[in-house]
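Listed below, chain by chain, are the residues.
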Amino acid sequence: MLLTVRPLAADWQAFADQATVLGVVVALAVGIATTIVMIRQEKVTRDGQKLQREQAEATAARTEAAAALAEEYTSRVVEALETMAANSKGAVTNSQAAAVRWTLVHQHRSRYLLTNVGNAGARNVRISAHESLPLLGLNEAPKEVGPHEAIPFLAARTFGTKDSTITVTWTDPKAGEDRTWKYPLPPES
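Procedures and definitions
Residues numbered from 1 in each chain as written. Predicted model: local features only at pLDDT ≥ 70, side-chain atom pairs only at ≥ 80, totals over all residues. Heavy atoms only, no water. Helix = DSSP H or I, 4+ residues; strand = E, 2+ residues; numbered from the N terminus. Contact = heavy atoms within 4.5 Å. pLDDT = per-residue confidence, 0-100. Pairing = 2+ DSSP bridges. Axes fitted to C-alpha atoms, helices over the stretch in contact; angles between N-to-C directions.

Trainee: Which residues make up the overall build of the protein chain, and what are the values?
Mentor: For the protein chain, the count of helices and strands is one helix and seven strands. Starting at the N terminus and walking to the C terminus, you meet the elements of the protein chain as α-β-β-β-β-β-β-β. Nonlocal contacts in the protein chain, meaning residues at least 24 apart in sequence, comprise 56% of its contacts between residues at least 6 apart.

Below is the structure:
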């Protein structure tokens, strides 16, 4: 009997050793796989956070530009109201003071038309926009724009356009100083 028990015990011991080795190998494989998955998840999380940060920065830049434009519009409204109040208290004149006034209209696709609808001419006219909004066709634009004259140009909005405000700067011939007018591109009709 002794002979039959010993080989059987040795077989169980060898089987137990093999099971232990197999368990260790499986545990190492699971550990390595888990580590690889965690590293990939961390990379995806970092990429997602970077994308969210870039989107937040772009949104903040657009918000700041809109706030600046709203602030300028508000100051222009206040200035206009103050001028109206001063004119209503002062002497009434039949003739209107000479002034440059601008309108910006969409014509077709990316084509826009900037028109001086005032009754005075503008000298040294410059049209500009944010660096993310390319303007084309301004090389041939006149530097002097008389009453009811217009400047056609192209403005190419893209998904990367952060601010679509057009800025017109000119020299007021009467006052001799530079004036600025800002207006967002009108929507395509």
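Trainee: Describe the confidence of the model for the protein chain, and please don't skip the residues or the numbers.
Mentor: Across the protein chain, the average pLDDT comes to 83, with 88% of residues at or above 70. Mean pLDDT values over the elements of the protein chain span from 79, in helix α1 (residues 2–89), up to 94, in strand β2 (residues 111–116). Below pLDDT 50 for its whole length, residues 1–5 participates in zero contacts with residues either more than four positions away or in separate chains. Ignoring residues within four places in sequence, the model shows residues 91–95, a span with pLDDT below 50, making zero contacts including any to other chains.

Trainee: Provide a residue-level description of the sheet that holds strand β6 (residues 165–171), including the pertinent values.
Mentor: With antiparallel pairing, three strands are arranged side by side in an open sheet as β3-β6-β7. The two strands at the open ends of the sheet, each matched to only one other strand, are β3 (123–129) and β7 (178–184). On average, each strand axis in the sheet is tilted by 15 degrees relative to the strand beside it, whichever way the strands run. The sheet contact formed by β6 and β7 spans seven bridges and is antiparallel. Across the sheet, Ile166 pairs through a bridge with Tyr183, a residue of β7.

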